[in-house]
Amino acid sequence: MLAIDSHGNIAGGTSTNGLNHKIPGRVGDSPIAGAGFYADNTVGGAAATGDGDVMMRFLPSYQSVEYMRQGVSPTKAAQMSISRIVKYYPTFNGAVISLNIKGEYGAACHGMKRFPFSVRGKTMPKVEVKYVDCVDKIPGIEDILG
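The rules behind these values
Residues numbered from 1 in each chain as written. Predicted model: local features only at pLDDT ≥ 70, side-chain atom pairs only at ≥ 80, totals over all residues. Heavy atoms only, no water. Phe/Tyr/Trp six-rings, centres within 6.5 Å; stacked < 30°, edge-to-face > 60°. Helix = DSSP H or I, 4+ residues; strand = E, 2+ residues; numbered from the N terminus. Buried < 20%, exposed > 50% of the residue type's maximum accessible area, 1.4 Å probe, protein only.

A. Focus on the packing of aromatic side chains. Counted according to the given criterion, the structure contains five aromatic pairs. For the pair Phe58 and Tyr89, a centre-to-centre distance of 5.9 Å together with 90° between the ring planes defines the contact as edge-to-face. Of this pair, Phe58 sits in helix 1 (residues 52–58) while Tyr89 is found in the loop between helix 3 (74–88) and strand 5 (94–100), placing the two residues 31 residues apart along the sequence. In this structure Phe58 comes out as buried when scored by relative accessible area, which is 13%. Judged by its relative accessible area of 31%, Tyr89 falls in the partly exposed class. Each ring, one from Tyr105 and one from Phe117, has its centre 6.0 Å from the other, and the planes form 75°; the classification is edge-to-face. With a gap of twelve residues between them, Tyr105 in strand 6 (residues 105–110) and Phe117 in strand 7 (residues 114–119) connect regions that are remote in the sequence. Residue Tyr105 is classed as partly exposed on the basis of its relative accessible area of 35%. Residue class for Phe117 comes out buried when judged on its relative accessible area of 13%.

Encoded structure:
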């Protein structure tokens, strides 16, 4: 979940698979800054879902925010973050959503057919469910940047 309040503050949140999937003593990806979500009021925020053990190694939410800090769109930032993971874990299953301080958003996913996410903005009368089609092969960072 990502949100921008009326003062421009960015907030993010995520949840875990729950106790039925938790290995005793294991810390999941949700409390790891940059893995489950990351927000910076000067740039935007990102949240991720999927294989948390893999995401803890790549911090895709943090990475998406850093790509946006460099001027990359939220969609491209999400794609680039997923691409970094898929390069080393081609069977990775997960998604990233990104939101910049202008309210622009984007998402990318891998390992499933499509990924649904919900959007609501100041000019939208109600929540809209959006979908991003996942691809079997995420383009490399070089391909995305052109």
